[in-house]
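Observations on the three-dimensional arrangement
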Amino acid sequence: MIFEGLTGHETVKESLGRSLACDRISNAYVFEGSQGVGKKLCAKLFSQALVCENNNACGSCPLCVQALAGTLPDIITLTKDRDRASVGVDNVREQIISEVFLKPRNARRKIFIIEYGDELSVEAQNALLKVLEEPPSYVTFIICVTSKEKLLSTVLSRSQVVSFFPLGTNLVCDYLIRNYNISPERANVLAKLSQGSIGTAIELCQNPDKQTRIEKSIQSLVNLKKNSLKLREMVEFLTEEKENITEIIDYLMTFLRDCVMVKTHKDSLCVFADRISEIRVFTENISKKQLISAFDKLSNLKLSLKQNLNFNATVSEATMRIWEDLHDKGSGHQI
Ligand SMILES: [Zn+2]
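1. With respect to the overall build of the protein
Within the protein one finds 15 helices and five strands. In terms of its C-alpha atoms, the protein occupies a principal-axis envelope of roughly 70 × 40 × 30 Å. A burial count over the protein gives 36% of its 335 residues as buried. Pairs at least 24 apart in sequence give 71% of the contacts found in the protein among residues at least 6 apart.

2. So, the confidence of the model for the protein
Across the protein, the average pLDDT comes to 92, with 98% of residues at or above 70. The lowest-confidence element of the protein is helix H4 (residues 89-100), averaging 87 in pLDDT; the highest-confidence one is strand S1 (residues 28-32), averaging 98.

3. Regarding the packing of helix H2 (residues 39-51) against helix H3 (residues 62-69)
Look at H2 against H3: their axes get within 9 Å of each other, and the N-to-C directions meet at 160 degrees. One finds that H2 runs roughly antiparallel with respect to H3. As H2 runs across H3, the sense of the crossing is right-handed. Taken together, the residues of H3 that come into contact with H2 (itself represented by Ser 47, Gln 48 and Val 51) are Leu 63, Cys 64, Ala 67 and Leu 68. Among the residues forming the contact of H2 with H3, the class breakdown is five nonpolar, two polar and no charged.

4. Observations concerning unusual backbone geometry
Although it is not a glycine, His 265 sits at a positive phi angle of roughly 60 degrees. Following the sequence through the fold, His 265 ends up in the loop between helix H12 (245-263) and helix H13 (276-282).

5. Brief notes about the environment of Val 235
When you line up the elements, Val 235 lands in helix H11 (residues 231-240). Val 235 sits in the buried class, given 20 other C-beta atoms within 10 Å. Put simply, Val 235 and Glu 317 are 82 residues apart on the chain and 9.2 Å apart in space, counted from C-alpha to C-alpha. Ignoring sequence-local partners within four residues, the contact set of Val 235 consists of Val 315, Ser 316 and Thr 319.

6. Thoughts on H2
An α-helix turns once per 3.6 residues; consequently, residues spaced three or four apart project the same way. The first and last C-alpha atoms of H2 sit 18 Å apart over 13 residues, in line with the 18 Å expected at 1.5 Å per residue. For H2, a buried count of eleven out of 13 residues is recorded, marking the element as mostly surrounded by other parts of the structure. Of the positions making up H2, those classed as buried are Lys 39, Cys 42, Ala 43, Lys 44, Leu 45, Phe 46, Ser 47, Gln 48, Ala 49, Leu 50 and Val 51. On its buried side, H2 packs onto helix H1 (10-22), S1, H3, strand S2 (75-77), strand S3 (110-114) and strand S4 (139-145).

7. Let's talk about the pairing of S3
Most of S3 is tucked away: five of the five residues are buried. Neither face of S3 is left uncovered, since the one carrying Lys 110, Phe 112 and Ile 114 and the one carrying Ile 111 and Ile 113 both have all their residues buried. Strand direction decides the pairing type here: S2 and S3, joined by three bridges, are parallel. Each residue of the ladder has a partner; that of Ile 75, found in S3, is Ile 111. The pairing of S3 with S4 spans five bridges and is classified as parallel. Bridge pairing in S4 links Ile 113 to Ile 142. Viewed along the sheet, the connection from S3 through helix H5 (residues 122-133) into S4 turns out right-handed.

8. Comments concerning the nonpolar core
Core analysis: the largest hydrophobic core is formed by 87 residues, its most contacted members being Phe 31, Ile 114, Ile 142 and Leu 190. The element that contributes the greatest number of residues to this core is H12, accounting for eight residues. Two domains share this core, each providing at least three of its residues, namely domain 1 (10-163) and domain 2 (207-326).

9. Quick word on the domain arrangement of the protein
Partitioning the protein into domains gives domain 1 (10-163) and domain 2 (207-326). A separation of 40 Å is found between the C-alpha centroids of domain 1 and domain 2.

10. Examining the sheet that holds strand S5 (residues 160-163)
With parallel pairing, five strands are arranged side by side in an open sheet as S2-S3-S4-S1-S5. In this open sheet, the two edge strands, each paired with only one partner strand, are S2 and S5. Pairs of neighbouring strands in the sheet enclose a mean axial angle of 20 degrees, with direction left out of account.

11. Brief notes about the pairing of S4
The buried count for S4 comes to seven of seven residues, which makes it a mostly enclosed element. By the alternation rule, side chains of S4 split into Val 139, Phe 141, Ile 143 and Val 145 and Thr 140, Ile 142 and Cys 144, which are all buried.

12. Concerning helix H8 (residues 184-193)
The element H8 is extensively covered by neighbouring structure, given that seven of its ten residues are classed as buried. Taken together, the buried positions of H8 are Ala 187, Asn 188, Val 189, Leu 190, Ala 191, Lys 192 and Leu 193. Residues of H8 that are buried sit in contact with helix H7 (169-179), helix H9 (198-206) and H12. Note on H8: the residue one or two positions beyond its end, Gln 195, has a positive phi of about 50 degrees.

13. Observations concerning the packing of H8 against H9
With their axes 8 Å apart at the nearest point, H8 and H9 run at an angle of 130 degrees to one another. Between H8 and H9, the angle falls in the class oblique. The two elements H8 and H9 meet at a crossing, and its hand is right-handed. Only Ala 201, Leu 204 and Cys 205 of H9 make contact with H8, whose side of the interface consists of Leu 190, Ala 191 and Leu 193.

Conventions and cut-offs
Residues numbered from 1 in each chain as written. Predicted model: local features only at pLDDT ≥ 70, side-chain atom pairs only at ≥ 80, totals over all residues. Helix = DSSP H or I, 4+ residues; strand = E, 2+ residues; numbered from the N terminus. Buried ≥ 20, exposed ≤ 12 C-beta atoms within 10 Å, placed from the backbone. Contact = placed C-beta atoms within 7 Å. pLDDT = per-residue confidence, 0-100. Axes fitted to C-alpha atoms, helices over the stretch in contact; angles between N-to-C directions. Parallel < 35°, antiparallel > 145°, perpendicular 65-115°, else oblique. Left-handed = near helix turned anticlockwise from the far one by under 90°. Nonpolar A, V, L, I, M, F, W, Y, C, P; charged D, E, K, R; others polar. Expected span 1.5 Å × (residues − 1). Pairing = 2+ DSSP bridges. Right-handed = clockwise from strand over helix to strand, strands pointing away. Core = buried A, V, L, I, M, F, W, Y, C linked by C-beta atoms within 7 Å. Domains from an automatic or database assignment.

Dropping the structure here:
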């Protein structure tokens, strides 16, 4: 069955399934959607369907078997140099240009999957464009990106854009309960935290480092409210976790958003639904306005960090401002 194992994305499945049924296959697809939403899995399953001898991703013909094992020479996944942040023009030349004009060896189509579309350099995209301008009829490119804005308009105009929207919380929650040994309550928290990305939800479920990071993030904020001496501790934590700072800021913002929900009696809307009593204690003697102000500081911190300002100074300043908010050193209004 085509797209078996891909959770959700019914519109995508329908549209690609129709193209397969009518044999109207584009030479290039751009799969656009947030990280972990299912683009790479869809690219793999779509490729399998494109090469299957029975045209339906039967799973048992020799080409399906090879496609699933990742050993079919006609499905090429572009790799990048480990020591480089971007996919360079050399990668495109060596792995695509040198291969693209050679006819498929076993299948009727030749498929190039570019998983790191976000990291394609401009030079690499321009090299790719030369092929996209006059592609051999048997070639299909699948470029996965978090946003189509990452690609040159000239590349986009020669591709069919397929959008992957975030999955519903229920869908992710059901998937976690079905595949992992966790309670529905826990699955619900992780599903909400993952914001519709099944890959993120799985990582939250499986990676103990992520669990520890969530714990430490929330604890640092809770301690900051309890004791001003903990200010330095929080700065140290954020500095040590420089690599994961965006993720941590997201956890902190989610926690503060939950605090506002509890404060306004909307507990059911909380992401950290398993921490309601902890949130109640945290929000004692603290106003909604203070919470929103601290939330804004985190939002600004996220923006500042994107501007490559001095990391330590920016983080220290923001933590100080959040401490001021939590201790009402600003307006003094209580709401
Ligand atoms: Zn097959």
